[in-house]
Amino acid sequence: MNAALDVSLFWIAFWIYLVSFLVFVVFFAVRNKLPGRIAVIIFFAALVFHTAGIITRYRLLGHIPLATMFEYSLFLSWVIAVSFIVIISRFGSMISGVVISPVVIIVMVIASFLPKEGAKQLMPALQSYWFYIHITLAALAEGAFLVATGASLFYLFRSLKNKNGFREREAVEGLIIKSIRIGYPLFTVGALFAGSLWAWKAWGSFWSWDPKETGALVVWLFYTLILHQQSRGRWKGATLAIVSIVGFLIIIISFLGNLFLGGLHAYV
Amino acid sequence: MELKRKKWKVLITGRTAVVIIVILTVASAVGWAFTEIIPRDFTFHKDIYRVRWGGVIFSLVSYLRLYDPFHSFWYRGVLAFFAISLLLCIITGWKALIVHSFSFSPPLILGKVTGRAPAIEINWSKLALSGAEKKDIFGYYKKIFGRDIEINAKQISQGYNRVAAYLKGKRYHVKFRKTADGVLFSAMGGRWHYPGNMLFHIAILVITIGGMIGSFQGKKEIMYARKGDVLTLYGSPLSIRVDRFNIIQTRSGEIHNYVTKLSLLNANGDSIQSMKLEVNDPARYGGYDIYQSSYYVDDEEFEWARITCRFAKNGKTESIYIKPDQKTKLPSTDWTVEIKDYNPDFKKGAKGVYSSSRKMLNPALLIEITGAFGHESGWLFLKYPSFNSRFELPVEFSVDYIEPIYYTGLQISSNPGTPLIIVGIALAAVGLLFLFGSSYRLLKGEVGRKGMFIVIAREGGTKMLKREISGMREGLSDILRDIAIDNPGEEG
């Protein structure tokens, strides 16, 4: 199998996602269902290539491709894309395509800048079942948070255009809250707890204040804050959208942090 | 515990919780930034930084421990404040959360509710109506009940049973109280939501305490040892002996694993247990955790070398394995071979032979052959065999391999907070399951002579509940319609 095939599939998926996003924009502008349906079909086609890329990489490397930041980004964008398919199939909300497709593209753009080489042999520290639990759950959680971010951007964009509110306001706000409520327990269990237990088994300490760990703690505290404010009936509407975007920025700093800051997660 | 003093009650409000989370988030973010801003060699070169930064900044960095902020007094103080606040919330909140979730009771009267609370109002008279007027039966609770049609006790009871069955079908727990006018009831769904919330808070407290115990009382030591070395376990009469250390490689030469075999020794030096360590698979004994942490290669010494001897007489070759300071007999002869010197990075200068680095860049062995002829010695080069010394013997020597000395890196740690952290993580996982897996709903209502009325008694601001109660209108009016339409006002 061609070693660059997985990366080629990734690029094909990227360009198709981009086309899908443009068609979603047309759908949003003309408010006609036809371009919306076309956009969904194109998005689904991109997801097929995306999935094929991940499977190909798995076949090439012989292990689930989650060991490098490129692979993680690839999986994260895949999670976000799948979440759109779930939303569209369950709620039929084509407007969420306008929200989610740019998030998929942003994550893939980030992935495109990362080193794409993969190692067939996982380094000894990564040869653990915790590797799959920790990273998969963290990616699912961050995917949910990024869906909330996409919805937040859309919310703010629409709010600025329509000062008196807009038609999808309640649905979009509901998507932000639901995404955070899905992401939070996954992040707590996957990123923090599974990570701590794995660190205990591999490094002999639950917590080492490594840059990635501290970043994850700040992310968790920030989303804990959002949920507390939600339970108190605060941070609704535009405020919720803004703090959700701030959460995304913290995730990005945490995500890319170890590229520049080193630490125990530096190999990822 | 009852908090009587009002000023203490401020510690258990939702606002205080939010403020503490904000402080902890900011403190963590600040600590995160400072660990990167302050150079990592700060503690080793304090004098240099004192001059470079000036006294004030240096003192500030030292006093606030900004080079290691997460072990500073101010960060630990924030953590302690967080833990105290959590503890107070748990102590004062358990009654409201747990008891309320399990021992809810039907209302004595249908209390005052605000006009904004979503409600269902169905009166018997309007159920009996048909056509376009039916659409009006779902008015808000404030709307005055319609025409007063008497309905008997049996029909009320039947109506309540149907309502209760309907609510139970929607996974509500229903409790009722009969009054002279009808049946008052409460219905609660998602009863595990708040206990889950409480459990999660307790778990976070337990984890925080466990973490703080580990931070203050935990010990960690990384030691390097080669085969045969004995290491003492700190604070214990026990020790461990390294029996073997292997770096396991794949066929393509990539490192697959590091494995150390150890013996646990008692105070007399007797082996009491064998242990095998691998990455991700530590050994535990008596509160000590022993990890395969890393390894170190010492190129300055070597474990053994393989030397090949080619006999000129018959062209036969023999390989011998020689350890440092050990005479080895050369096969088919009466000679012995001994290594007299070793340089990992051989260089020859004006002052003679030396090693220009500590790395095995140009390893060379000085061997001495002893026999009836006397002694003969010469250098053998691993990477450049053409430079090997020529011996006045009918044998050619070359070195094929030199095994460096591998030291296994063992981390020996003890953390008394470990059990708390593990219990905390388990509790938190269960708590999260309940907290996010169930949605709390509390409804109160009455089935009486005028009709049925249900209102959201505890509005969590959930749109979901509003949607649910909206859906109930249709279902409930359907199940009640039979009673009212079939037997309006008829005594049973």
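Residues numbered from 1 in each chain as written. Chains lettered and ligands numbered in written order. Predicted model: local features only at pLDDT ≥ 70, side-chain atom pairs only at ≥ 80, totals over all residues. Heavy atoms only, no water.

Enquirer: Please clarify how the overall build of chain A should be interpreted in this entry.
Expert: A tally of helices and strands in chain A yields eight helices and zero strands. A separation of at least 24 residues holds for 78% of the contacts in chain A among residues at least 6 apart in sequence. Accessible surface computed for chain A: about 11,000 Å², of which carbon and sulfur atoms make up 70%. (Helix = DSSP H or I, 4+ residues; strand = E, 2+ residues; numbered from the N terminus. Contact = heavy atoms within 4.5 Å. Areas by Shrake-Rupley, 256 points an atom, 1.4 Å probe, with all protein chains shown as cover.)

Enquirer: What should I look at first to understand the overall build of chain B in this one?
Expert: Along chain B, the regular secondary structure elements total 10 helices and 20 strands. Buried positions account for 43% of the 492 residues belonging to chain B. Within chain B, residue pairs in contact and separated by at least 24 positions form 60% of the contacts whose partners lie at least 6 positions apart. (Buried < 20%, exposed > 50% of the residue type's maximum accessible area, 1.4 Å probe, protein only.)

Enquirer: Can you walk me through the packing of helix α4 (residues 95-112) of chain A against helix α5 (residues 129-161) of chain A in this structure?
Expert: In helix packing, the relevant descriptors are the interaxial angle and the interaxial distance, both defined with respect to the helix axes. Residue and element names in this part refer to chain A. At a minimum axis distance of 8 Å, the contact between α4 and α5 shows a crossing angle of 120 degrees. It follows that α4 is oblique to α5 by the angle criterion. Seen along the crossing, α4 lies across α5 with a hand that is right-handed. For the pair α4 and α5, the contacting residues are I95, V98, V99, I100, V103 and V107 in the first and L146, V147, G150, A151 and F154 in the second. Here the residues of the contact of α4 with α5 are counted per class, giving 10 nonpolar, one polar and no charged. (Axes fitted to C-alpha atoms, helices over the stretch in contact; angles between N-to-C directions. Parallel < 35°, antiparallel > 145°, perpendicular 65-115°, else oblique. Left-handed = near helix turned anticlockwise from the far one by under 90°. Nonpolar A, V, L, I, M, F, W, Y, C, P; charged D, E, K, R; others polar.)

Enquirer: Can you walk me through the confidence of the model for chain A in this structure?
Expert: As a general rule, the predicted coordinates of low-pLDDT regions are not to be interpreted in detail. Summary statistics for chain A give a mean pLDDT of 86 and a share of 94% for residues scoring 70 or more. Mean pLDDT across the elements of chain A bottoms out in helix α8 (residues 237-261) of chain A (82) and peaks in helix α2 (residues 33-61) of chain A (92). (pLDDT = per-residue confidence, 0-100.)

Enquirer: Could you clarify how one ought to interpret the interface of chain B and chain A in this entry?
Expert: Bring the parts together and some accessible area is lost; that lost area is often taken as the interface size. Residue-level contacts link 47 residues of chain B with 44 residues of chain A. Both sides of the chain B and chain A interface together cover about 3,700 Å² of buried area, and 69% of this is carbon and sulfur. Among the residues chain B hides against chain A, the three largest losses belong to W32, N280 and F436 of chain B. Together they make up 21% of the total. At the boundary of chain B with chain A, the tally comes to zero salt bridges. At the junction of chain B and chain A, the tally comes to six residue pairs in polar contact (both at pLDDT 80 or more). Every element with two or more residues in the side of chain B that touches chain A is listed here: α2 (14-37), α8 (193-217), β7 (255-265), β10 (288-311), β18 (395-414), α9 (418-437) and α10 (463-486) of chain B. (Buried area = accessible area lost by both parts, 1.4 Å probe. Salt bridge = Lys/Arg side-chain N within 4 Å of Asp/Glu carboxyl O. Polar contact = N/O pair within 3.5 Å; in protein donor to acceptor, adjacent residues only side chain to side chain.)

Enquirer: What exactly am I supposed to notice about the pattern of salt bridges here?
Expert: Close approach of charged atoms allows side chains with opposite charge to pair. Evaluated as defined, the whole model comprises 13 salt bridges over all chains. Of the charged contacts, one joins D243 of chain B and R241 of chain B as a salt bridge, the two residues approaching to 2.9 Å between their closest N and O atoms. Under the relative-accessibility criterion, R241 of chain B is labelled partly exposed at 28%. Residues E300 of chain B and R358 of chain B are paired through a salt bridge, measuring 3.9 Å at the closest nitrogen-oxygen approach. Linking E300 of chain B in strand β10 with R358 of chain B in the loop between β15 (352-355) and β16 (364-371), this pair joins segments that are 58 residues apart in sequence. A relative accessible area of 41% means that E300 of chain B is categorised as partly exposed. Look at the salt bridges and you will find they share partners, linking D6, R57 and E71 of chain A into a network.

Enquirer: For this particular structure, what's the right way to read the environment of G437 of chain B?
Expert: One can find G437 of chain B in helix α9. Taking relative accessible area as the criterion, G437 of chain B reaches 65% and is therefore assigned exposed.

Enquirer: Whenever I open this one, unusual backbone geometry confuses me. Can you help?
Expert: Leave glycine aside and you will find that most residues have negative phi; peptide bonds, for their part, are mostly trans. Positive phi outside glycine occurs at W235 of chain A, with the angle close to 50 degrees. On the secondary structure map, W235 of chain A appears in the loop between α7 (211-231) and α8. Non-glycine residue R65 of chain B carries a positive phi angle of around 50 degrees. Turning to its location among the elements, R65 of chain B is positioned in the loop between α4 (55-63) and α5 (73-102). Classification of R65 of chain B as partly exposed rests on a relative accessible area of 31%.

Enquirer: What's the story with the packing of aromatic side chains in this structure? I'm lost.
Expert: By convention here, two paired aromatic rings are described through the distance between centres and the angle between planes. For the structure on display, the rule yields 48 aromatic pairs over all chains. Pairing W200 of chain A with F206 of chain A gives two aromatic rings, centres 5.2 Å apart and planes at 10 degrees, and the pair type is stacked. Across this residue pair, the class does not change: W200 of chain A and F206 of chain A are buried. By the ring-pair criterion, three or more aromatic residues cluster together here, those being F10, W11, F14, W15 and F70 of chain A. The positively charged end of R284 of chain B is found above the aromatic ring belonging to W200 of chain A, 4.2 Å away from the centroid. (Phe/Tyr/Trp six-rings, centres within 6.5 Å; stacked < 30°, edge-to-face > 60°. Lys NZ or Arg CZ within 6 Å of the ring centre and 35° of its normal.)

Enquirer: Would you mind going over the nonpolar core with me for this structure?
Expert: Soluble, globular proteins show a tendency: their nonpolar side chains are buried together. With 128 residues, the main nonpolar core has Y17, I80, F187 and W220 of chain A as its most contacted residues. In terms of residue count, helix α6 (residues 169-203) of chain A provides more of this core than any other element does, 16 residues in total. Apart from residues lying up to four places away in sequence, F187 of chain A is in contact with A141, E142, F145, L192, A216, V219 and W220 of chain A. Ranked by size, the runner-up nonpolar core spans 23 residues in total, among them I307, W335, Y342 and I369 of chain B. (Core = buried A, V, L, I, M, F, W, Y, C linked by side-chain atoms within 4.5 Å.)

Enquirer: Would you explain the environment of G190 of chain B in this entry?
Expert: Residue and element names in this part refer to chain B. In this fold, G190 is placed in the loop between β3 (182-189) and α8. Taking the relative accessible area as the measure of exposure, G190 reaches 13% and is therefore buried. Sequence separation between G190 and S439 is 249 residues, and the spatial gap between their C-alpha atoms is 4.7 Å. Sequence-distant contacts of G190, defined by excluding residues within four places in its chain, comprise S438, S439, Y440 and R441.

Enquirer: What is the right way to look at helix α7 (residues 153-169) of chain B in this model?
Expert: Side chains three or four residues apart in an α-helix point the same way, a direct result of the helix having 3.6 residues per turn. Between the first and last C-alpha of α7 of chain B there are 24 Å, a value that for 17 residues agrees with the 24 Å anticipated at 1.5 Å per step. At the C-terminal side of α7 of chain B, R171 of chain B shows a positive phi close to 65 degrees. (Expected span 1.5 Å × (residues − 1).)

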